[in-house]
Amino acid sequence: MTPANPLNVFKGCKSMVDYYDPDCSPPVPLVEIPDKLNPFRDDGVRIYAKMMTCLPANNVKSLAAANMLQKGVTPKTKRIIEYSSGSTVLSLALVSRAVHNIDDVHAYVSNKTSEAKLRLLRFFGLKVTLFGGPSQPDPLDRRGGIWRAYDAGKENDEILNANQYDNHANPEAHIRWTGPQIMAQLPEINVFAASMGTSGTVAGTAGYIKNAKPSVHVVGICTAAGDRVPGPRTRALLSPEFPWEGAVDSLEDVESPPAFRQSMRLTREGLICGPSSGINLQGLLNFLEKQKSSGKLNELAGENGEIHCVFLCCDLPYQYIDEYFQKLGEECFPSIDNQHLHAVDLYRYDGEWELDPVDAIAKFYESTTPDSNYDSGLSDSDSSDDIPARFREMSMRLQSDAIILDLRPVSDFDKWHLPGSINMPLSSASSDAPSPFFNPNLLEEQWRELEKIFSSKGTPFSDILLAALKDRSVGLVCKDGDTARVATSILRAKGLEASSISGGVEKIQPMFHKSRE
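Residues numbered from 1 in each chain as written. Predicted model: local features only at pLDDT ≥ 70, side-chain atom pairs only at ≥ 80, totals over all residues. Heavy atoms only, no water.

Describing the packing of helix α13 (residues 440-453) against helix α15 (residues 482-493)
Turning to step 1, where the next piece is worked out: The geometry of α13 relative to α15 is characterised by a closest axis approach of 10 Å and an angle of 45 degrees between their N-to-C directions. Compared by their axis directions, α13 and α15 come out oblique. α13 and α15 meet at a crossing whose hand is right-handed. Between α13 and α15, the contacting residues are Leu 443, Gln 446, Trp 447, Leu 450 and Glu 451 on the first element and Thr 483, Val 486, Ala 487 and Ile 490 on the second.
Turning to step 2, where the next piece is worked out: Looking at the contact of α13 with α15 residue by residue, the class counts come to 6 nonpolar, 2 polar and 1 charged. (Axes fitted to C-alpha atoms, helices over the stretch in contact; angles between N-to-C directions. Helix = DSSP H or I, 4+ residues; strand = E, 2+ residues; numbered from the N terminus. Parallel < 35°, antiparallel > 145°, perpendicular 65-115°, else oblique. Left-handed = near helix turned anticlockwise from the far one by under 90°. Contact = heavy atoms within 4.5 Å. Nonpolar A, V, L, I, M, F, W, Y, C, P; charged D, E, K, R; others polar.)

Some words on the nonpolar core
Turning to step 1, where the next piece is worked out: Ile 33, Ile 47, Ile 189, Phe 192, Leu 288 and Phe 311 are the most contacted members of the largest nonpolar core, which totals 60 residues.
Turning to step 2, where the next piece is worked out: Filtering out sequence-adjacent residues up to four positions away, Ile 189 remains in contact with Ile 182, Met 183, Ile 209, Lys 213, Val 216, His 308 and Val 310.
Turning to step 3, where the next piece is worked out: With 25 residues, the next largest nonpolar core counts Leu 450, Leu 476, Ile 490 and Leu 491 among its residues. (Core = buried A, V, L, I, M, F, W, Y, C linked by side-chain atoms within 4.5 Å. Buried < 20%, exposed > 50% of the residue type's maximum accessible area, 1.4 Å probe, protein only.)

Here's the deal with empty space enclosed by the protein
Turning to step 1, where the next piece is worked out: One pass over the full model with this rule turns up 2 cavities of 30 Å³ or more.
Turning to step 2, where the next piece is worked out: Lining the largest cavity are 16 residues, and of these Ala 429, Ser 430, Cys 478, Lys 479 and Thr 483 sit closest to its centre.
Turning to step 3, where the next piece is worked out: When its residues are assigned to classes, the lining of the largest cavity shows 7 nonpolar, 5 polar and 4 charged.
Turning to step 4, where the next piece is worked out: As a volume, the second largest cavity reaches approximately 40 Å³.
Turning to step 5, where the next piece is worked out: Pro 22, Val 28, Lys 50, Met 52, Leu 55, Leu 63, Trp 177, Thr 178 and Gln 181 together form the lining of the second largest cavity.
Turning to step 6, where the next piece is worked out: Counting residues per element, the lining of the second largest cavity draws most heavily on helix α6 (residues 169-185), which supplies 3 residues.
Turning to step 7, where the next piece is worked out: In the lining of the second largest cavity, the residues fall into 6 nonpolar, 2 polar and 1 charged. (1 Å grid on protein atoms, 1.4 Å probe; cavity = no way out; pocket = protein on both sides within 12 Å on 5 of 7 lines; lining within 4 Å. Points joined across faces, edges and corners; volume = space filled by probe spheres on them.)

Remarks on helix α7 (residues 200-212)
Three or four residues apart is the spacing at which side chains of an α-helix point the same way, because the helix has 3.6 residues per turn.
Turning to step 1, where the next piece is worked out: Under the 1.5 Å per step criterion, the end-to-end length of α7 is 18 Å for 13 residues, consistent within 8% with the ideal 18 Å.
Turning to step 2, where the next piece is worked out: Among all positions of α7, only Gly 200, Thr 201, Val 202, Ala 203, Gly 204, Thr 205, Ala 206, Ile 209 and Lys 210 are buried.
Turning to step 3, where the next piece is worked out: Where α7 is buried, its residues touch α6, β7 (191-195), β8 (217-223) and β10 (307-313). (Expected span 1.5 Å × (residues − 1).)

Examining the packing of helix α8 (residues 256-268) against helix α9 (residues 275-293)
Turning to step 1, where the next piece is worked out: Here α8 crosses α9 at 105 degrees, and the two axes come no closer than 7 Å. It follows that α8 is roughly perpendicular to α9 by the angle criterion. Contacts between α8 and α9 involve Pro 258, Ala 259, Phe 260, Gln 262, Ser 263 and Leu 266 from the former and Pro 275, Gly 278, Ile 279, Leu 281, Gln 282 and Leu 285 from the latter.
Turning to step 2, where the next piece is worked out: Residue composition of the contact of α8 with α9, grouped by class: 8 nonpolar, 4 polar and no charged.

Printed below as a string of structure tokens:
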């Protein structure tokens, strides 16, 4: 199979049309999975993932969407509707816009759809309508969203209901593309495994493969009864519309936890895929284990004695992240160091809120003797020639709208402090305390204390303090600048104009040649 576009470049006015046309791209990758994921490698079994996630819409349903729209859109079509909360309707939206210039796409979905998925649909520009009842209704149940979408399309020739559940352009997409690609990439294939929802993917792909090579064993995979994996259905809900029964040799039922676990393992090894991919691999492994236990595994082997198996990776995992944690539990994921920080230090930081000491003095202070030539000793340089004239004054006075809070202990404040500053010692800020950014426990302690102080009703004096700071330019200083930086983040979040002095007293005090003992 030689692609028409081996460099995978799309240009010109038809760039998007060609990008979504599988005939204009190289075949989707077929990748042998690592041996660590294949417990039957020593038995001569080789397992390959068909990475449908590498399609432009990142999912297997984009092929069906492209084919259904190509065959269904007419010059009168102005709106596309589909009962789907996942890959099918997302693909319909993308292909409708890119290829057919139709922006109006509606997703009919169950009212049990997660908020994250609803937001995802809206992110892709879909209009969403919720329906009650089962989340996976029988396509022929007139009370369900599938039938309602069908009915809307039937009544108005400006509306196309793609209807993946009984549209034969669904399986035909895989007769047209998926099956031929697999046979060209791996003519020695012995086993093909895929899950079944509408069963269009299995009916089309397996139908093509079986026609080309009748000896291939096809494993159809269903969600276990009473369980749910996004995409696949239970046996009771399989669509009778497509001829999957003639192409499938055996069925496997898989529960959701192993489906999610297998997709997570694949993803961690570099084959990024979602739970419907994991159910395909787990179903294939279940089938192989049964064959081995019954002594029939070798019956599947080809002429060279190896057993070549292909399963589909159907979509990506990102939209299901919450479900991974629900299905698998925290023990399956690396722990988070300093997790307690997730509940504190919640507000934004900005480098512009950290002032160099010289800039801080310029911002917060004015001189009482502007024409004096007396050098007060304030300097950030060893050369007095570098000292700006405004900093050469004996007397420094806070600007009328400025206030400086010194967060150090009383004893440190009494040894030296900026003129006019107010001591607001924190119980969590001792003289020898490290920077809170190098001590997570201290950061939590200081943030909680500062958040309480600067919150209305947080302490008996909080409201008085906040009123005093309102409409003022607030400067914050501490030993090394970091506690003040935390305080600035909090005050800024409260809507106050606050800035910290970078480096703190450790940096600013040496600039005063005459410090108060």
